[in-house]
Amino acid sequence: MNEDLRSLASDVVDKARALGADEADAYVRSGVESTVSVRMSKIEKLIEAGARSGTIRVIKDKRTAVCNTSDLTPKALDEMVRTAVELARISEPDVYAGLPDKEDLATGMGAALQLYDERIESLGVDEMKDIVLRAEQVAFDFDPRITNSEGAEFGAERGLLVLANSLGFCGSYPYTAASFSVAVMADDADGKKRNDYWFSAERMLHRLADPVEVGRRAAERAVRKIGARKISTREVPVVWDPVMTARLAGAVAGAASGEALFKRSTFLADREGMAIASPLVSIACDSTLPAQLGSRPFDGEGVRTRRNPLVEGGVFRQFLFDSYYARRMSRRTTGSASRSGDAITIGDGNLVFEAGTTDPAEIVAGVHEGLYLTDLMGFGTNLTTGDFSRGAAGMWIERGRLAYPVTEINVSGNLNDMLASIDAVGTDLQWLGGSAAPTVRMTRMVVSGL
Amino acid sequence: MSTNDTGLLAEAFFRDRYAIDQAAAADLLGIAMSRGGEHAELYFEHREGSNIVFEQQAVKTASRSTTQGVGIRVVLGDAIGYAYTEDLSRDATRRAADTAARIASRGTTAPPIDVMHFESANYYAPEASTLGVAPAGKVGLIRRADSAARAFDPSIARVDINFIDEMKHVMIVTSDGRIAGDVQPLVRFNVSCLSERNGNRQTARWGGGGRMGMSYFDTHSPEALAGEAARQSVVLQSAIDAPAGTFPVVLAAGDSGILLHEAIGHGLEADFNRKKTSNYSDAMGELVASPLCTVVDDGTIQDSRGSINIDDEGNAPGYNVLIEDGVLRGYIQDRISTRHFKVAPTGNGRRQSFKHYPMPRMTNTYMLAGQSAPDDIIRSVERGIYCVAFNGGQVNISNGDFVFSVTEGYMIEGGRITAPIKNVNLIGNGPDVLRKVTAVGSDFALSDGRWTCGKDGQSVPVGVGIPTTLISGITVGGTAM
């Protein structure tokens, strides 16, 4: 399959050139996925399928067109290439269009990255089922108030990704991923239900967390919400649990997109080299970490990947670029192109909010009155202005201790002030699939409630 | 035979292109049922989509995509086996049917299945698709929008526009002997504007569309769509920080229907209620909202983004009353839940694509008009918030807590709409907020077609709608203390 797909991608590029394209690249993906989900100790879903797709990008007279298809028969691929070349005519000449520079293309195929686990080839339905049944049972056994389940699910996939272009590049790598999650519900006194989940996601089967640990954490997180109440509006310190800190890092990465810079739709515009956060804050995108889900030897354009520091000691270091927006902004690609369907977007590797030096227990202990944030809801992050206003839930901190759960509240601020006000970063770096983050504390945010 | 039956068009499409006829479908169903499944269905799909990305006054990329495949589901009790393949050859589809069959293991011989055509409705016209329109025609509309946005105000510094459309052929064949299909056009026009004034940058997005062709633009000019995005970005230039705390909130007619979608729609999806994971479980016949509220889910609105001629399990869409005068009357059902609750199908079994299994999903969800004059509703508020446009919401089904983000909102002071506010989020609890509805306007409006609903990683197009509505108290997450 490996060689077949590589030659298929190269053939598609050759065909595009033969039809008049000045430049072209082909992105082909083929994979197999299985999902097993159980609920209340019974099997609920069994999904198995193979998926594949081919995408061609052509550039003719500096006009770009993209076509993709899930039909990889020679006839369909011919048609795809022909359509792309025709479609290029309606695009408009754009001097910035084109493939990356040849010297930026990857040379190694990342054998050391450990992106593939052979064990997943032989992973059977029964094995997956046993893991999730166990995790769900542990959650039920954790506390009698856990009375219902939204299910536990195991997913595994493996496949091959190929990228070929008219600069002579043809790269490919096989990949695997495995993950499982448990979501349970606890009964609260007023008939309300409190739910939460936990999960583990890895490329390698043996790196997955113990189902006992995942089940216990899901239950613990649901049970601690029992008795959640509303609170009145006030301004207080907010402690972000690692899952929430990872979301904060995601907002920073979104604002660091070179596309957003070009569109001036980011609060980080014109601020490279300037302090945008407390000196305790360092955030990086890193596609080179072995065995991590966000790692890859080359990006969606074949460019060699690397570690891209975004924030170092509070100073904003750089935007992330694919080759197009890099050219538009007179920069160089950072190997951050991501491909999905017919689109190239900017999105890069593993997102890591680096650990600090404070014990997470001390971070909470240092708060007289405040919010320990465990949930964020909704879409209220405005990356153009940095305005941030999101639905939230968590634990109320009183005199340095988690006192009681709170819900139906809102946290708001502006990312500029929020990042600057971080006065503690935990030692507890937690990996969450393709991202990692510790506990952090902000000195002040508005918490709205009653 | 009705010439308006889109199902016949879809059947002909799959027969001509892939040689999948009733006999081939019956053969696959036989394999799917061969291990003792109780029900099986085949979902054939062919989707063609196009997207024109316009940035900085030029077409950056034109793209086109084709996906095709079949999803095969075998149901056994509440459990499902699901397999899909993009390869529509006889061998590959038979293999997928056998894989899906493995949810069961009784090894019975299924009786042969005869499939009969089931007629589809006619809530939009397949021939109307914009997909076949020459790209130059679409670029012409885009340029008109770009000029209009730039002309709106000198502060408009950036305009980005997308013209996205698709044409989907679907065919559903079920083991209870039904073959049905649909041809589904969908168009969407998006405009994003950035207003920059003295270093203050504000972005706003607007757009619309539906299951229509170019005729959509007869009633929604590109200039009007772009002008709306430009207007919102300029309004934000003078917006003040929103207050924090609990206030009366007036929802403007139309887009505010997103509140219903989040606050109550998801909680009434029958899968959650079947599993008793919704806060509306076991509440049928109870008063769950203010008696002023009557909420329906209606897949039959002509040309609307959320409408369907047939659902993805082969059932006809309907006008389904969910809440009548505040009383819970019905859930949003799929096949598994109708069997559980022993009720008739509501036509809400939907899925994103052949790679996805169907679930109970909303179509167009809205609240019926009430008695109050919209102006009187605003006049009745001493100090509160007026919400006009939104960029999305989210709900926790199990306890009803929801949020939604307001992109255009204003203060109401002394019964008058005053300063625009920014950075506004509303947070509440579905049942709680619906009980606090104290006035419903006579001015019902449906949103323009720009909403997409996500659930379990699956996206489907939906519509929302509401008249001007007053909620006596809801938590406003602002920054002004």
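A tally of helices and strands in chain A yields nine helices and 20 strands. Its C-alpha radius of gyration of 24 Å places chain A within 12% of the 22 Å reference for a compact globule of 450 residues. Dimensions of chain A, computed from the C-alpha atoms along their principal axes, are close to 70 × 55 × 35 Å. Counting all 450 residues of chain A, 61% fall into the buried class. When contacts within chain A are restricted to residue pairs at least 6 apart in sequence, long-range pairs at least 24 apart make up 72% of them. Put simply, chain A shows about 16,400 Å² of open surface, and 49% of that area lies on carbon and sulfur atoms. Each charge class in chain A can be summarised by its mean position, and for the 53 positive and 63 negative side chains these summaries are 3 Å apart.

All names here are of chain A. Read from one edge of the open sheet, six strands run β10-β9-β8-β13-β19-β18, paired in mixed fashion. Where the open sheet ends on each side, the last strands, each with one partner, are β10 (315–316) and β18 (430–432). Direction of pairing for strand β13 (residues 350–353) relative to strand β19 (residues 435–437): parallel, over a ladder of two bridges. Among the inter-strand pairings, Leu351 is bridged to a residue of β19, identified as Ser435. Helix α5 (residues 242–255) contacts β8 (283–286), β9 (307–312), β13, β18 and β19 of the sheet and is inclined by roughly 115 degrees relative to β13.

Attention shifts here to the environment of Met377(A). Among the secondary structure elements, Met377(A) is positioned in strand β14 (residues 369–377). Given a relative accessible area of 11%, Met377(A) falls into the buried group. Each C-alpha atom of the pair Met377(A) and Ala392(A) lies 6.0 Å from the other, and the pair is 15 residues apart in sequence. With residues up to four places along the chain from it excluded, the contact list for Met377(A) reads Arg390(A), Gly391(A), Gln394(B), Val395(B), Asn396(B), Asp401(B), Phe402(B), Val403(B) and Asn425(B).

How big an interface is tends to be reported as the loss of accessible area on association of its parts. Contact with chain A, which involves 72 residues of that partner, is made by 73 residues of chain B. Summed over both sides, the interface between chain A and chain B buries roughly 5,800 Å², with carbon and sulfur atoms accounting for 50% of that surface. Where chain A touches chain B, the interface holds seven salt bridges. On the surface where chain A and chain B come into contact, there are 48 residue pairs in polar contact (both at pLDDT 80 or more).

For the structure on display, the rule yields 61 salt bridges over all chains. Here Asp104(A) ties to Arg332(A) by a salt bridge, and the two come within 3.4 Å at their closest N and O atoms. Taken together, the residues span a long stretch of sequence, with Asp104(A) in the loop between α2 (74–87) and α3 (125–142) and Arg332(A) in the loop between α7 (323–328) and β11 (337–340) at a distance of 228 residues. Of the charged contacts in the structure, one is a salt bridge between Arg335(B) and Asp176(B), with a shortest N-O distance of 3.8 Å. Of this pair, Arg335(B) sits in helix α9 (residues 335–341) while Asp176(B) sits in the loop between β5 (156–174) and β6 (178–197), placing them 159 residues apart in sequence. One salt-bridge network, held together by shared partners, links Lys192(A), Lys230(A), Glu408(A), Asp401(B), Asp432(B) and Lys436(B).

Right, let's get into the nonpolar core. General note: in soluble globular proteins, nonpolar side chains tend to be found buried as a group. Residues Phe154(A), Trp240(A), Phe353(A) and Phe44(B) are the most contacted members of the largest nonpolar core, which totals 115 residues. Looking at this core, the element that brings in the most residues is α5(A), giving nine residues. Setting aside anything within four residues of it in sequence, one finds Phe154(A) in contact with Ser34(A), Thr35(A), Val36(A), Leu123(A), Met128(A), Ile131(A), Val132(A), Ala178(A), Ser179(A), Phe180(A), Leu205(A) and Leu208(A). Counting residues in each nonpolar core, the second largest holds 50 residues, with Ile264(B), Leu328(B), Tyr331(B) and Ile474(B) among its members.

Moving on: the packing of aromatic side chains. All names here are of chain B. Enumeration over the complete set of coordinates arrives at 22 aromatic pairs over all chains. Arranged with centres 5.9 Å apart and planes meeting at 75 degrees, the rings of Tyr84 and Phe354 form a pair that is edge-to-face. Placement of the pair is Tyr84 in strand β3 (residues 79–85) and Phe354 in the loop between β13 (349–350) and β14 (359–360), with a sequence separation of 270 residues. Residue Phe354 is classed as buried on the basis of its relative accessible area, which comes to 2%. Aromatic side chains Tyr366 and Phe444 sit 5.1 Å apart centroid to centroid with 50 degrees between the ring planes, which places their arrangement in the tilted category. Remark: Phe444 occurs in the loop between β20 (437–440) and β21 (445–446) and Tyr366 occurs in strand β15 (residues 364–367); sequence separation between them is 78 residues. Here the aromatic residues Phe13, Phe14, Tyr18 and Phe44 are joined through ring pairs into a cluster of three or more. Sitting over the face of the ring of Phe118, Arg178 holds its NZ or CZ atom 3.6 Å from the ring centroid.

Before going further, it helps to examine helix α1 (residues 2–18) of chain A. Residues and elements named next belong to chain A. The terminal C-alpha atoms of α1, which comprises 17 residues, lie 25 Å apart, in line with the 24 Å expected from a rise of 1.5 Å per residue. Those residues of α1 that fall on the buried side of the exposure criterion are Leu5, Leu8, Ala9, Val12, Val13 and Ala16. The arc that holds the buried residues of α1, viewed along the axis, is 130 degrees, so those residues lie on one side. Turned more than 90 degrees off the buried face of α1, the exposed positions are Glu3, Asp4 and Ala18.

This paragraph deals with the packing of helix α2 (residues 22–32) of chain B against helix α3 (residues 90–101) of chain B. Residue and element names in this part refer to chain B. Across the interface, α2 lies against α3 with an axial gap of 7 Å and an inter-helix angle of 30 degrees. Accordingly, the angle class assigned to the pair α2 and α3 is roughly parallel. Where α2 crosses over α3, the two elements pack in a sense that is right-handed. Residue-level inspection shows Asp27, Leu28, Ile31 and Ala32 of α2 in contact with α3, the latter providing Arg90, Thr93, Arg94, Ala97, Asp98 and Ala101. Per-class residue counts for the contact of α2 with α3 are five nonpolar, one polar and four charged.

Moving on: the domain arrangement of chain A. Residues and elements named next belong to chain A. For chain A, the assigned domains read domain 1 (2–223) and domain 2 (228–450). Domain 1 and domain 2 are separated by 24 Å when their C-alpha centres are compared. Between domain 1 and domain 2, the residue contacts involve 45 residues of the former and 36 residues of the latter. Summed over both partners, the interface of domain 1 with domain 2 buries about 3,300 Å², with 51% contributed by carbon and sulfur atoms. On the surface where domain 1 and domain 2 come into contact, there are six salt bridges. Arg339 is the salt-bridge partner of Asp25, the closest N and O atoms lying 3.0 Å from each other. The interface formed by domain 1 and domain 2 contains 17 residue pairs in polar contact (both at pLDDT 80 or more). At the level of secondary structure, the elements contributing two or more residues to the side of domain 1 that touches domain 2 comprise β1 (23–39), β2 (42–60), β3 (63–69), β4 (146–165), β5 (170–187), β6 (193–202) and α4 (211–223). With six residues, the single largest contributor to the side of domain 1 that touches domain 2 is β6.

So, about the domain arrangement of chain B. Residue and element names in this part refer to chain B. You can read the domains of chain B as domain 1 (6–237) and domain 2 (241–477). Placing a centre on the C-alpha atoms of domain 1 and another on those of domain 2 gives a separation of 23 Å. Counting residues at the interface gives 52 residues for domain 1, matched by 44 residues for domain 2. Between the two partners, domain 1 and domain 2, sit 26 residue pairs in polar contact (both at pLDDT 80 or more). Elements with a contribution of two residues or more to the side of domain 1 that touches domain 2: β1 (39–55), β2 (58–76), β3, β5, β6, β7 (200–210) and α6 (222–237). The biggest single contributor to the side of domain 1 that touches domain 2 is β6, with seven residues. Along the lines of polarity and charge, the residues of the side of domain 1 that touches domain 2 split into 19 nonpolar, 17 polar and 16 charged.

Take the pairing of strand β24 (residues 469–477) of chain B next. Residue and element names in this part refer to chain B. Burial analysis of β24 places eight of its nine residues in the buried class, the great majority of the element. Pairing of strand β19 (residues 424–429) with β24, which is carried by three bridges, proceeds in the antiparallel orientation. Looking at β24, one finds that Ile427 is bridged to Thr475. Relative to β24, β20 runs antiparallel, the two being bridged by three bridges. The partner of Val440 across the bridge, within β24, is Thr469.

Here is what the cut-offs are and how they apply
Residues numbered from 1 in each chain as written. Chains lettered and ligands numbered in written order. Predicted model: local features only at pLDDT ≥ 70, side-chain atom pairs only at ≥ 80, totals over all residues. Heavy atoms only, no water. Helix = DSSP H or I, 4+ residues; strand = E, 2+ residues; numbered from the N terminus. Rg over C-alpha atoms; globule rule 2.2 N^0.38 Å. Buried < 20%, exposed > 50% of the residue type's maximum accessible area, 1.4 Å probe, protein only. Contact = heavy atoms within 4.5 Å. Areas by Shrake-Rupley, 256 points an atom, 1.4 Å probe, with all protein chains shown as cover. Lys, Arg positive; Asp, Glu negative; His and termini not counted. Charge placed at Lys NZ, Arg CZ, Asp CG, Glu CD. Pairing = 2+ DSSP bridges. Axes fitted to C-alpha atoms, helices over the stretch in contact; angles between N-to-C directions. Buried area = accessible area lost by both parts, 1.4 Å probe. Salt bridge = Lys/Arg side-chain N within 4 Å of Asp/Glu carboxyl O. Polar contact = N/O pair within 3.5 Å; in protein donor to acceptor, adjacent residues only side chain to side chain. Core = buried A, V, L, I, M, F, W, Y, C linked by side-chain atoms within 4.5 Å. Phe/Tyr/Trp six-rings, centres within 6.5 Å; stacked < 30°, edge-to-face > 60°. Lys NZ or Arg CZ within 6 Å of the ring centre and 35° of its normal. Expected span 1.5 Å × (residues − 1). Arc of directions from axis to C-beta. Parallel < 35°, antiparallel > 145°, perpendicular 65-115°, else oblique. Left-handed = near helix turned anticlockwise from the far one by under 90°. Nonpolar A, V, L, I, M, F, W, Y, C, P; charged D, E, K, R; others polar. Domains from an automatic or database assignment.

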